[in-house]
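Per-entry structural report
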Amino acid sequence: MEILFPEIFKILIFFCIFTLSLSIIKNAGTMLKRSLLLVIVLTTLCVSQSTDIKVNNFLVYGPIKVLTPVTGSNEKPDAQILFSDGDNINPIISLLSDRDKWDILSASFLENVSKSSNNFYYAAFYVESKGFTKTDLKVSSRMPYRVFVGNEGKKSNIDAPDNDTNITKTVTVPLNLETGKTLVVIKVLSLAKADGERELKVTLSRSADLKSELFVSTDDVSYTSFERLLDDPKIQGISISPSGEYSAVTVSKRIKSKATNERAILIFENSTAKQIRTLNVQGFKWVKDDIYAYTTSGTKTTSIHSSSIKKGEVTTILDGVENFASFFFSTDGKKLIYSIYKEVSEFENGAKRHKGLQDRWDGWRNTYKTFMMDLTSGTSSVLINFDDNLQVEDLSDDNNRLLLSRSDYDLKTRPFSYSDYFIYNFSTEKLDSLFRVFYGGNATFSKDGKSIYLTGGPALFGNLGVTTEPDLIPNDYNSLLYKYEISSGTVSCLTKEFDPAISDYYPDVNNEGIFLLTTDKSYKNVYSRSNSGGFAKIDMPVKSVENLSFDDDFGYALLSGSDPDRPDRVYLYDLKKKTSSLLYDPNAETYKNIKPGKYEEFSFVSDKGRNIECALFFPPDYDPTKNYPCIVNYYGGTTPVSNTFEGRYPKNIWTANGYIVLVLQPSGAIGYGQKFAAFHVNDWGGDVAQEIIQGTKKMLDKYPSVDPKRLGCIGASYGGFMTMSLVTKTDIFAAAISHAGISSLSSYWGEGFWGPVYSAVATANSYPWNRKDIYVDKSPLFSADKVNTPILLLHGNDDTNVPPGESLQFYTALKILGRDVELIEIDKQNHHILDYDKRKHWSKTILAYFDKYLKKDSSWWNFLYESSEK
């Protein structure tokens with residue numbers, strides 16, 4: 001492996017030579033002194049100049065013989081024609097996965113190949129950078145050639161090669177390399193009748209101020225990257241067929257040639273684990289047995305079709321419906337319930353009179369009409385009219401009753417948002433009112449139709465689910481599972497003493513209890529609850545289960561999830577045997593050569609006696625004898641930071657760029673029990689900030705490889721608020737990043753689309769007029785003069801959740817105060833940065849900023865921003 005040493009090594013070499021020479025000079029004569037001084041000057045010039053590195057070995061594929069034309073000689077083939085085939089080398093790049101097809105040969109391999117015919121060869125190698133690097137790739141040869149850079153085979157020398165082999169043709173390709181490996185492929189034509197030297201000469205140079213190490217090799221073991229994060233297939237959803245025979249996996253993949261993401265439904269036969277069909281459809285749903293449904297859309301209309309895996313015929317169920325909204329099928333597949341919407345104008349004569357807090361939400365005024373179609377007879381009936389303001393929650397298994405809800409706001413009762421529930425009986429045509437709850441979640445009939453399951457916070461039914469002390473206000477985001485008996489109206493909380501928060505539930509048809517998908521600390525785990533009230537965790541093949549589906553008989557579960565060091569996979573779990581089998585791994589081939597980093601979990605007890613969990617993620621080439629910069633990541637709001645693979649704040653990519661990453665789960669997060677979650681209410685950075693500071697110091701004590709002078713912190717949304725809050729309380733961080741952070745609690749509360757809704761829980765019973773100690777004293781804006789840490793503020797300028805003014809006003813304050821602050825506004829993006837190119841740029845901005853302050857290397861930041869401003 002060849003290497004370009006960073007400047008520090010050259011300085012050390014020069015220093016050693018200089019020191020040694022001075023000691024000799026003291027004892028030397030005049031002529032010798034002059035000679036030695038000349039040596040020092042020449043050595044200084046040599047060491048300080050940019051060093052070229054020669055590529056000595058290639059991965060070589062070939063020969064690929066150039067056929068002789070049927071009408072003439074092949075002694076002098078036209079290179080321009082041979083290189084005008086579109087140069088699609090993606091098939092060649094794909095062959096790199098089969099190393100047996102390639103030979104590792106020296107740069108002079110063309111000297112030794114057969115000269116009896118004209119042949120193409122592909123010479124490949126990898127350039128690896130340990131940081132952002134600007135370098136020039138120089139290729140020289142007498143043979144016709146073309147250079148391709150990157151895994152997508154981007155063509156570099158556009159001019160067509162010619163047949164003149166008497167002179168050496170040189171191409172210089174500027175490279176802007178990020179951490180990781182970049183593939184270079186050179187397509188070269190070896191001409192049989194060419195005279196003279198045939199060597200393929202390739203060198204890399206660099207700018208004199210480069211701080212990163214640079215390597216070339218034929219080894220394809222690498223680290224994960226932004227391109228892997230965005231381009232690799234992603235599992236978007238899963239569902240097992242009612243019969244358990246088949247599984248559907250929704251996969252999204254980046255199509256680079258179209259610059260878009262495309263979705264497909266992959267159908268697997270569970271007994272063989274083989275993919276048997278690919279469906280390019282929308283709205284996929286299983287109906288019954290092997291029958292599935294999907295939607296197709298025209299300009300203004302939507303149609304619903306059904307088909308069978310075994311038979312394959314397509315039937316149109318519903319054709320050309322305008323303003324289509326949603327649909328689902330009854331359990332037996334005999335009924336279709338679907339809805340349409342009607343848009344209601346918000347402005348009249350250019351003015352809008354708001355009808356309530358929720359009138360700030362897009363589409364809130366839209367009304368819905370719901371139908372039920374009998375698929376046996378083909379007849380449809382209206383269930384809900386546009387002005388009824390009712391929503392279908394569920395249809396009983398006997399198709400005789402509808403569970404309905406109507407939602408609104410009551411600003412006299414916190415947390416404001418409520419839902420009334422009703423049952424409509426088709427036999428009696430009677431609508432019965434059941435109950436009203438605030439901040440309710442998902443509601444469904446039990447299998448026997450005698451009860452209703454409902455998720456919601458501890459205070460959903462008064463104090464029925466509450467376990468916290470009277471001086472603590474329950475956190476309504478910590479979801480529990482309740483059971484409502486329809487005949488008696490009695491309610492029981494099924495998970496009152498159960499610490500994990502309920503994400504979803506699946507009542508077993510065999511009446512053996514309920515399966516629960518939970519937020520269980522920093523992961524999602526599956527539990528079973530028996531009828532006697534006992535809980536048992538089910539050991540799954542992944543650390544965190546993101547999606548879960550059961551067949552009708554509860555014989556099998558289909559699940560998808562990931563580990564901290566491995567991306568999503570899909571497994572089939574046998575509920576009787578308690579065994580699992582891999583069904584689909586979309587990234588198995590890609591990640592077999594990706595080197596993961598290790599991670600460790602630890603915890604500490606805070607000053608207030610709370611157990612705070614942490615996870616530390618290490619670079620793939622971690623050496624405990626070295627010092628590393630560290631990024632501290634947190635949310636601090638109602639949910640824990642997931643320790644799963646990738647994500648919007650990808651720990652694996654940060655570690656691949658040479659950072660240790662600390663993830664903390666401060667108090668207030670759900671999934672740790674009611675008391676722990678209740679600490680979130682009205683805290684707003686008080687205890688949480690101290691826990692982050694304490695956790696960071698505990699990490700420094702436990703892991704001496706973390707450099708205490710190179711700590712960075714980052715959070716988003718509530719975590720962005722925490723970043724702003726932290727830098728007003730401590731100077732232990734060398735750099736800080738806030739994405740979509742809140743700088744003034746009162747403006748977020750009043751302006752954000754979800755401000756009053758979120759604050760009704762997070763700031764329970766507290767308002768700007770009665771709790772200035774929260775809305776003023778805990779707002780970072782009012783303590784901006786205490787900030788000494790360089791901070792980067794990121795914000796989408798279309799953010800409706802946390803308005804961009806939250807970052808803008810903090811930026812204004814810090815600029816006036818003369819602090820080191822940057823504000824990067826992401827155009828036409830909301831709370832999450834979703835546009836492909838903008839997300840990639842945003843992600844790189846984060847690392848470039850940390851590089852600038854934690855690695856003292858501003859080259860990437862300057863490349864992204866300062867170079868574009870000149």
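Calculation notes
- Residues numbered from 1 in each chain as written.
- Predicted model: local features only at pLDDT ≥ 70, side-chain atom pairs only at ≥ 80, totals over all residues.
- Heavy atoms only, no water.
- Buried < 20%, exposed > 50% of the residue type's maximum accessible area, 1.4 Å probe, protein only.
- Helix = DSSP H or I, 4+ residues; strand = E, 2+ residues; numbered from the N terminus.
- Pairing = 2+ DSSP bridges.
- pLDDT = per-residue confidence, 0-100.
- Contact = heavy atoms within 4.5 Å.
- Salt bridge = Lys/Arg side-chain N within 4 Å of Asp/Glu carboxyl O.
- Polar contact = N/O pair within 3.5 Å; in protein donor to acceptor, adjacent residues only side chain to side chain.
- Core = buried A, V, L, I, M, F, W, Y, C linked by side-chain atoms within 4.5 Å.

With respect to the pairing of strand E42 (residues 611-617)
Burial runs high along E42: five of the seven residues are buried. In this structure, strand E41 (residues 599-605) lies alongside E42, joined through seven bridges in antiparallel fashion. Bridge pairing links Glu-601 to Ala-615 in E42. Here E41 folds back onto E42, and the loop between the two strands holds five residues, one of which, Gly-609, carries a positive phi near 80°. Bridge analysis of E42 against strand E44 (residues 660-665) gives five bridges, and the strand direction is antiparallel.

Here we look at the sheet that holds strand E11 (residues 201-206)
Taken in spatial order, the four strands line up as E2-E11-E6-E9 in an open sheet, and their pairing is antiparallel. In the strand order of this sheet, the two ends are held by strand E2 (53-54) and strand E9 (169-177), each with one partner. As judged from the nine bridges shared by strand E6 (residues 133-141) and E9, these two strands associate in the antiparallel manner. The residue of E9 that forms the bridge with Leu-137 is Val-173.

Concerning the confidence of the model for the protein
When the pLDDT values of the protein are averaged, the result is 91; 91% of them are 70 or greater. This stretch, residues 2-14, has a pLDDT under 50; its non-local contacts, to residues over four places away or in other chains, come to 39 contacts. This stretch, residues 31-49, has a pLDDT under 50; its non-local contacts, to residues over four places away or in other chains, come to 17 contacts.

What about the pattern of salt bridges?
Taken as a whole, this structure holds 34 salt bridges when the rule is applied. Here Glu-227 and Lys-844 are joined by a salt bridge, their closest N and O atoms 3.7 Å apart. On the criterion of sequence distance, the pair formed by Glu-227 in helix H6 (residues 226-231) and Lys-844 in helix H16 (residues 836-854) is long-range, its members being 617 residues apart. A salt bridge links Arg-569 to Asp-563; the nearest nitrogen and oxygen atoms lie 2.9 Å apart. Each member of the pair, Arg-569 as well as Asp-563, carries the same accessibility label: buried.

Describing the side chain of Asn-119
Following the sequence through the fold, Asn-119 ends up in strand E5 (residues 119-129). Engagement of the side chain of Asn-119 in a polar contact is seen with the side chain of Ser-117, the distance being 3.0 Å. Ignoring sequence-local partners within four residues, the contact set of Asn-119 consists of Pro-63, Ile-64, Lys-65, Val-66, Ser-114, Val-188, Leu-189 and Ser-190.

Some thoughts on the nonpolar core
Core analysis: the largest hydrophobic core is formed by 88 residues, its most contacted members being Val-632, Leu-662, Trp-684, Met-699 and Phe-850. At nine residues, the largest contribution of residues to this core is made by H16. With sequence-adjacent residues up to four places away left out, Leu-662 is seen in contact with Phe-602, Cys-614, Ala-615, Leu-616, Cys-630, Ile-631, Val-632, Asn-633, Gly-695, Thr-696 and Met-699. In terms of nonpolar packing, the next biggest core, distinct from the first, is built from 37 residues, Val-60, Val-113, Phe-125 and Leu-175 among them.

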